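Descriptive structure summary
One-letter residues, chain by chain:
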Amino acid sequence: MSSGKKIFLWVTYYVIAFVVSMALVSIPDWFGAEGGVLTTEGQRIDNLFWGMVILSVAILSVILATMTFALIHFRAGPRDTGDGKYMHGNNAMELGWIVVPTIIVLALSWISYEVLVDNDQVLAEGAGERHDRGGVLEVDVIGFQYGWEFAYPEVGVATLTNYVIPVDEPVVYNVTARKYGMDPDGGVRPDVIHSFWVPASRIKQDGVPGYWSARSWTAERTGTFDIVCAELCGALHYQMLGEVCVVERGVYDAWLVELGEATTDSDTAGSVSYPCSPEGEEQTLAVRSYQNDDELLGIFTEEQGLLLESTLEASMPAAKKDTSA
Amino acid sequence: MSTTTTSTAPAARGAGHGTPGPRYVGGLIGFLIGYAVSHLLLRLFQGWGGVDPSYTVVEAAGIGAGLGPIIVGLMGGVPGLVAGLFGRRVILGSNIFAAWLWAVVGFLITTLIVIGVRLAFGMDPISLLPIVTFGSLGAYLGMTIGIGALGPWLRFLAGGDVDLAGDHSQHGAKSWKDYFGFNTDHKVIGIQYIVFNFMAMAIGGMYALFMRAELAQSGMQFMDGSTYNGAFTVHGSVMLFFWIIPIFAGIGNYVIPLMVGAADMAFPRLNGLSFWTLVAAFLTSVAAILVGMYEAGWTAYAPLSTQSEIGLQQLLFALTVQFVGASSIMTAVNFIVTIVGMRAPGMTMWRMPLFVWANLTTSFLVVLGTPFIGGAQLMVLTDLTMNTQFFNPILGGDPLAYQHVFWFYSHPAVYIMMLPGFGIVSDVITTHARKTIFGYKALAISTVAIGFLGFAVWAHHMFTSGMPDWFRVVMMFLTMLIAVPTGVKVLSWTATLWQGRIHMRTPMLFVLGFLFMFTVGGVTGIMLAAVPFTIHVHDSYFVVAHFHYVLFGGSTMTAFAGIYHWYPKITGRMYDERLGKMHFWGLFITQNLVFFPMHWTGVQGMVRRYADHPERFDTINMVMSIGAIVMAAVTLIFFYNMVNSWRRGPKATGNPWNSHTLEWQVSSPPPLFNFYDVPRVLDEPYPFGAAEPVHGVVAEKGKRTADHPILAGSGAGTSQEQQG
Ligand code: HEM
Ligand SMILES: [Cu+2]
Ligand SMILES: [Cu+2]
């Protein structure tokens with residue numbers, strides 16, 4: 001076979017492999033869930049994903065085309081005992097497939113880095129510290145076994161499970177997990193790591209007890225979107241679900257006023273209306289007050305009210321390990 | 001089988017071993033004594049210090065409170081029965097009964113010591129976690145003594161006149177029974193490993209089926225959250241610790257000494273000990289499953305793993321990791337010394353088969369990395385038992401520290417799970433394509449490069465954990481770079497096919513399947529290295545898809561390729577080619593059916609480690625579950641083929657694939673000490689198509705290597721040495 005014909009055949013196989021694989025990966029609706037991407041940041045991530053998919057298929061097709069070629073043209077006959085061509089490699093080729101992939105992955109890293117910088121713009125521009133980001137709306141997200149709390153530092157009140165944000169505005173999430181948890185017998189133990197993920201936003205952030213980590217995103221549509229916990233946190237991990245309710249600015253403002261008035265007493269729970277209630281149903285959100293981190297990190301129970309960090313710390317070492325005492 | 005086989009059986013016949021009558025009486029008495037003693041001890045523990053009777057050493061033995069007395073009784077009673085039946089032969093006989101017996105004894109003795117010490121220091125004498133911790137170590141020591149692993153070492157320590165280097169008393173198997181005892185022959189140990197690992201794979205696979213059954217539909221079918229957590233934790237840990245890591249140790253054990261032309265591994269007794277340490281790890285793991293399954297994931301992140309709710313299981317898990325780690329390190333040291341120090345004359349580094357290169361690099365990764373997972377789990381262990389609070393955020397501990405230490409091992413570990421497979425691919429592809437490997441040096445060096453880079457990218461598993469932003473960027477660039485040496489390998493293998501004469505036998509099919517699956521897993525690896533994208537899909541089913549493509553489609557397929565490739569060598573018989581092909585196609589298709597859709601569900605928001613999923617994923621999950629069932633059925637074909645061919649398959653010649661590496665130059669299976677004389681290596685390992693294709697020469701039975709026509713003829717083959 002002439003080398004011209006070989007090249008022609010290889011290219012043909014490559015094109016077939018590329019087209020077929022591309023068609024196969026295009027069948028699923030990759031980002032269609034919940035009506036598609038919710039955020040500006042997420043849109044950049046979806047674009048990056050598609051770029052990488054095409055790149056991946058292009059790489060895979062090199063292997064597929066070469067394999068197909070070899071399996072068609074270099075098959076041994078049934079009684080063939082001979083050997084293939086005696087050769088040890090090809091330096092130019094080997095250099096090529098070191099240099100080209102290096103360039104590709106460095107370029108891809110660079111593009112990813114750009115996306116990362118773009119997506120973290122709000123964080124970079126804010127004054128930088130938690131609760132001091134130049135007027136951007138902030139929500140503190142606190143995971144615990146098993147649920148989510150969303151605190152609005154502006155008004156000093158936190159909601160349980162679901163939360164409300166305005167559309168078309170960047171929101172910064174300060175994510176952590178409670179330090180104190182309660183074991184099934186009512187004893188005190190450390191809480192664990194959780195991870196705050198709204199799949200429609202394409203952004204997630206772990207909440208680690210003792211750490212505050214920030215992420216931000218801007219919702220572009222109103223509606224409700226799932227919240228899940230993406231870090232294994234125990235038996236009811238799979239039930240750590242919630243809902244983010246994105247509403248128009250006006251609705252949000254009215255809701256925030258209601259939230260601010262819902263409770264001032266840190267020892268009792270209150271409730272507010274939920275703007276994303278299904279048609280014809282009046283749902284409410286459980287809320288409680290918190291004024292500073294001390295309260296935030298304590299345990300809140302309906303029977304006992306708020307147990308502050310200082311109280312808990314005193315009872316901690318003894319309570320932790322009654323089994324090994 | 002035992003140290004005393006040569007000194008004739010009659011001497012070993014103990015009391016009550018004469019006529020059947022007294023023997024059964026002896027057995028019965030033994031049973032009663034064992035049962036009574038165990039019960040007494042149990043009662044003693046339960047009554048002591050006002051401890052809640054349902055929460056005592058009963059649970060340490062791995063049993064719920066009700067069954068406890070019976071099972072603890074049987075623990076003592078059954079060894080008693082066997083001891084009574086067979087007398088001294090069992091008690092001191094270096095076999096699994098003795099191992100069991102002495103493990104129980106070891107456990108009880110250490111328990112008594114713990115209780116004694118606690119009494120002496122005025123503490124409550126009965127405490128579960130310390131008893132389990134130290135008891136397991138005691139049981140391990142007892143077991144290794146009982147199985148006869150330490151015999152000569154102990155005699156040596158006691159001042160006996162023991163020739164440790166020339167000790168071959170436990171070398172080689174004469175009947176199938178010898179595979180259940182301690183052995184120092186790398187070929188026997190290799191088979192022990194391989195069979196044991198396949199059993200573990202079957203168990204791990206069963207848990208996967210449980211999960212798929214639960215996930216087939218949305219809503220909870222028949223599990224609760226913690227059962228499901230237990231299922232994936234057990235599945236993952238068993239597959240990693242008892243299947244994929246040790247299967248390569250098993251194949252390597254059999255093949256490496258043969259490939260480098262050595263009579264055995266460098267430290268044969270240590271080699272046997274690593275296998276039995278793995279068994280101890282497995283039993284510890286089973287104990288953990290019995291007390292309620294460890295359920296913090298195979299990653300066992302703190303502080304979840306240090307929460308008291310899952311304390312006992314997690315403690316046993318931490319101990320499992322210690323045993324597994326010890327076993328890995330012992331094997332790795334053995335491989336390193338064997339490969340570096342025991343190669344046949346003429347086998348320079350650049351003449352080593354690529355499987356040997358891969359094993360060498362892997363072994364270094366094991367030795368350097370494993371202490372970190374051991375360390376991470378040791379801290380969990382002390383957090384659980386000694387209130388050290390390394391990871392307790394309330395008292396100033398740092399949960400993220402666990403992840404850093406853990407991944408510093410566990411990223412290199414993914415290469416520990418893959419590099420030996422790369423080596424197998426190189427050997428199989430060159431043999432069945434009948435062509436010199438393309439870019440031998442590039443393949444060898446890229447293996448080493450992956451090993452080095454592998455230590456610099458651990459934090460790519462923590463992109464969403466909240467570490468500093470600059471660090472994420474550094475980790476992203478380094479992780480992406482790993483794709484380069486990996487790509488070199490994939491491309492070199494593909495290029496090897498070019499102008500070869502490809503025989504589509506089963507091992508080759510598995511390697512070609514591997515090339516496809518691994519490339520898919522590799523490109524999704526690159527996607528995951530892109531931080532913005534990982535922030536979306538981390539801990540989603542996309543990651544599950546990625547690592548099943550690399551671990552199942554990649555590593556496991558290479559393990560199958562290796563098993564088929566060396567099956568004739570190991571068993572002396574040919575496997576059934578038709579069944580092998582059925583196995584391949586069935587597995588290849590179902591793998592893609594089960595794992596490809598996971599990419600999609602992950603991107604759509606299906607969360608990893610969730611016992612449930614939204615209804616919108618119902619159809620696709622049903623498809624994946626059905627695929628999983630078919631896959632299990634296909635695996636049965638494999639088991640049938642292996643077992644049946646071993647018994648009835650056609651006899652294999654020494655070199656059925658016409659290969660050149662040393663292991664194929666001897667009979668199948670090889671002679672007791674592999675070679676009749678030290679082989680000579682003359683040239684490159686894969687000289688397919690060369691004018692005079694010779695890698696090395698070995699001696700015929702009763703002759704010396706120097707008598708070989710090639711050496712005797714032409715001045716020891718120096719003319720060939722220039723060629724490579
Ligand atoms: C081209 C080379 C590879 C790259 C760039 C790569 C990249 C990654 C990245 C970035 C993650 C973290 C994903 C996340 O949690 O968000 C990951 C996870 C994982 N990878 Fe790879 N990978 C590669 C090859 C492999 C190989 C060869 C194996 C094993 C044989 C492997 C096994 C795994 C496993 C087991 C996980 C999941 C760990 C866990 O969280 O439990 N990867 N990989
Ligand atoms: Cu969770
Ligand atoms: Cu990794």
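Preceding this section is the structure that the text describes.
Being a predicted model, the structure only gives us computed values, none of them experimental.

**So, the coordination of the copper ion (ligand 2)**
Residue and element names in this part refer to chain A. On the protein side, the copper ion (ligand 2) has Cys229 (SG), Glu231 (O), Cys233 (SG) and His237 (ND1) as donor atoms, found 2.1 to 2.7 Å from it. Metal-centred angles of 83 to 134° between the 4 donor atoms at the copper ion (ligand 2) mark the site as irregular. As a motif over one chain, the donors of the copper ion (ligand 2) read C-x1-E-x1-C-x3-H. Among the residues examined, Cys229 registers a relative accessible area of 0% and is labelled buried. By relative accessible area, Glu231 is classed as buried at 4%.

**As for the sheet that holds strand 12 (residues 242–247) of chain A**
Residues and elements named next belong to chain A. Taken in spatial order, the 5 strands make up an open sheet running 4-12-11-8-9, and their pairing is mixed. Single-partner strands in this sheet number two, and they are strand 4 (162–166) and strand 9 (203–207). Each adjacent strand pair in this sheet contributes to an overall mean axis angle of 25°, direction not counted. Of the pairings in the sheet, the one linking strand 11 (residues 223–229) to strand 12 comprises 5 bridges and is antiparallel in character. Pairing of Asp226 across the sheet is with Glu243, part of strand 12.

**Here we look at the interface of chain B and chain A**
Between chain B and chain A, the contact holds 107 residues from the first and 98 residues from the second. Between chain B and chain A, a total of about 8900 Å² is buried, with carbon and sulfur atoms accounting for 67% of that surface. It is B:Ile394, B:Trp498 and B:Tyr610 that lose the most area in chain B upon contact with chain A, and together they represent 8% of the buried surface on that side. Here chain B is connected to chain A by 5 salt bridges. B:Arg501 is paired through a salt bridge with A:Asp80; the nearest N and O atoms lie 2.9 Å apart. Where chain B packs against chain A, one counts 25 residue pairs in polar contact (both at pLDDT 80 or more). Secondary-structure elements contributing two or more residues to the side of chain B that touches chain A are helix 10 (225–260), helix 13 (354–386), helix 14 (399–416), helix 16 (440–454), helix 17 (469–497), helix 18 (506–529), helix 19 (531–537) and helix 21 (577–603) of chain B. Of all the elements, helix 17 of chain B adds the most residues to the side of chain B that touches chain A, at 16 residues.

**So, the nonpolar core**
Counting 288 residues, the largest nonpolar core has A:Tyr163, A:Tyr173, A:Phe196, B:Phe242, B:Trp493 and B:Phe533 as its most contacted members. Residues in contact with B:Phe533, not counting those within four places in the same chain, are A:Ile45, A:Leu48, A:Phe49, A:Met52, B:Met527, B:Phe542 and B:Val603.

**Some details on the coordination of the copper ion (ligand 3)**
Residues and elements named next belong to chain B. Of the protein atoms, only His411 (ND1), His460 (NE2) and His461 (NE2) coordinate the copper ion (ligand 3), at distances of 1.8 to 2.0 Å. Between the two metal centres, the copper ion (ligand 3) and the iron atom of ligand 1, the spacing is 4.7 Å. Overall, His460 belongs to the buried group, its relative accessible area being 16%.

**Some words on the environment of B:Val511**
Residues and elements named next belong to chain B. Position of Val511 among the secondary structure elements: in helix 18. Once the C-alpha coordinates of Val511 and Thr110 are considered, the two residues, 401 residues apart in sequence, prove to be 49 Å apart. Setting aside chain neighbours within four positions, we find Val511 in contact with Val425, Val428, Ile429 and Ala561.

**A few points about the site of ligand 1**
All names here are of chain B. Not every one of the 22 residues close to ligand 1 is listed here, only the nearest: Trp298, His538, His546, Phe547 and Arg608. At a separation of 3.1 Å, an oxygen atom of ligand 1 approaches a polar side-chain atom of Trp298. His546 is positioned such that a nitrogen or oxygen atom in its side chain is 2.9 Å from a nitrogen atom of ligand 1. Both of domain 2 (183–417) and domain 3 (451–615 + 623–650) provide at least three residues apiece to the shell around ligand 1.

Each value, and the rule that gives it
Residues numbered from 1 in each chain as written. Chains lettered and ligands numbered in written order. Predicted model: local features only at pLDDT ≥ 70, side-chain atom pairs only at ≥ 80, totals over all residues. Heavy atoms only, no water. Donors = N, O, S within 2.8 Å, 3.2 Å for Na, K, Ca; no water. Tetrahedral: all angles 85-135°; square planar, octahedral: opposite > 155°, others 65-115°. Buried < 20%, exposed > 50% of the residue type's maximum accessible area, 1.4 Å probe, protein only. Pairing = 2+ DSSP bridges. Helix = DSSP H or I, 4+ residues; strand = E, 2+ residues; numbered from the N terminus. Axes fitted to C-alpha atoms, helices over the stretch in contact; angles between N-to-C directions. Contact = heavy atoms within 4.5 Å. Buried area = accessible area lost by both parts, 1.4 Å probe. Salt bridge = Lys/Arg side-chain N within 4 Å of Asp/Glu carboxyl O. Polar contact = N/O pair within 3.5 Å; in protein donor to acceptor, adjacent residues only side chain to side chain. Core = buried A, V, L, I, M, F, W, Y, C linked by side-chain atoms within 4.5 Å. Near = heavy atom within 4 Å. Domains from an automatic or database assignment.

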